[in-house]
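A look at the structure
Here is how the chains run, residue by residue.
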Amino acid sequence: MTADQRLDQLEPLVSQTLAVADRHTAQLKQIFGVVNQLLEAGKVQSDNTQFALRELGELRQEVRTELGGLRQEVRTELSEVKHKLSATEQNQSITNTRIGDVENAVSLMGIQVANLDAKLDRILGLLDGGK
């Protein structure tokens, strides 16, 4: 086989190989473009996620601050309610004692009235008997 014949056989093979290499190069460029788009989208998503996490952290801190204030207010109000309840219980105890004293006084008055009735009955009996 002559050199020209060999070149004639190699030329389509080289041409085909170069065409395949060109297709692969084009595909690699497309893949590179898609990868860059994905990286850019990932960066945007990362920024969005970081923003959301920062905002969430700030909201969490605000909620903790407000809850701390609310807890303190609730503790203060609860302390006041306990104090008022204690004072009310003391007043109730004093009132119960006074009611007991009044009941004793009424009971003594009842006894005195009964004694007075008995004396009046005796006086009336003596007056009726003397007539």
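In this report, the structure presented in the accompanying data block is examined. Computed from a predicted structure; not experimentally measured.

A closer look at the overall build of the protein
Scanning the protein for helices and strands turns up one helix and zero strands. Against the globule reference of 14 Å for 131 residues, the protein gives a C-alpha radius of gyration of 54 Å, more extended than a compact globule. Seen through its C-alpha atoms, the protein measures out along the principal axes to roughly 185 × 25 × 15 Å. Per-residue burial over the protein gives 0% buried out of 131 residues. Carbon together with sulfur atoms contributes 60% to the accessible area of the protein, which is approximately 12100 Å² in total. Charged side chains in the protein number 15 positive and 19 negative. The centres of these two groups are separated by 6 Å.

Considering helix α1 (residues 3–129)
Compared with an ideal rise of 1.5 Å per residue, which puts 127 residues at 189 Å, α1 spans 177 Å between its outermost C-alpha atoms and is within 8% of the ideal. Largest kink in α1: about 25°, centred on leucine 10, with the proline proline 12 one to four residues after it.

Observations regarding the environment of threonine 95
With respect to the helices, strands and loops of the structure, threonine 95 is situated in helix α1. Among the polar contacts listed, one links the side chain of threonine 95 to the backbone oxygen of asparagine 91, at a separation of 2.7 Å.

Some words on a negative patch on the surface
Side chains of Glu55, Glu58, Glu62 and Glu66 sit close together on the surface and give a patch of like negative charge. Judged by its relative accessible area of 32%, glutamate 55 falls in the partly exposed class.

Digging into a nonpolar patch on the surface
A cluster of nonpolar residues, Leu116, Leu120, Ile123, Leu124 and Leu127, forms a patch on the protein surface that exposes about 480 Å² of accessible area. With respect to the secondary-structure elements, leucine 127 resides in helix α1.

A short note on the environment of serine 86
Topologically, serine 86 is positioned in helix α1. When its relative accessible area of 32% is taken as the criterion, serine 86 is described as partly exposed. Once the C-alpha coordinates of serine 86 and arginine 6 are considered, the two residues, 80 residues apart in sequence, prove to be 115 Å apart.

Rules of the game
- Residues numbered from 1 in each chain as written.
- Predicted model: local features only at pLDDT ≥ 70, side-chain atom pairs only at ≥ 80, totals over all residues.
- Heavy atoms only, no water.
- Helix = DSSP H or I, 4+ residues; strand = E, 2+ residues; numbered from the N terminus.
- Rg over C-alpha atoms; globule rule 2.2 N^0.38 Å.
- Buried < 20%, exposed > 50% of the residue type's maximum accessible area, 1.4 Å probe, protein only.
- Areas by Shrake-Rupley, 256 points an atom, 1.4 Å probe, with all protein chains shown as cover.
- Lys, Arg positive; Asp, Glu negative; His and termini not counted.
- Charge placed at Lys NZ, Arg CZ, Asp CG, Glu CD.
- Expected span 1.5 Å × (residues − 1).
- Bend = angle between axes of the 7 residues up to and from the residue.
- Polar contact = N/O pair within 3.5 Å; in protein donor to acceptor, adjacent residues only side chain to side chain.
- Patch = residues over 30% accessible without salt bridge, like charges linked within 9 Å, V, L, I, M, F, W, Y side chains within 5 Å.
- Salt bridge = Lys/Arg side-chain N within 4 Å of Asp/Glu carboxyl O.

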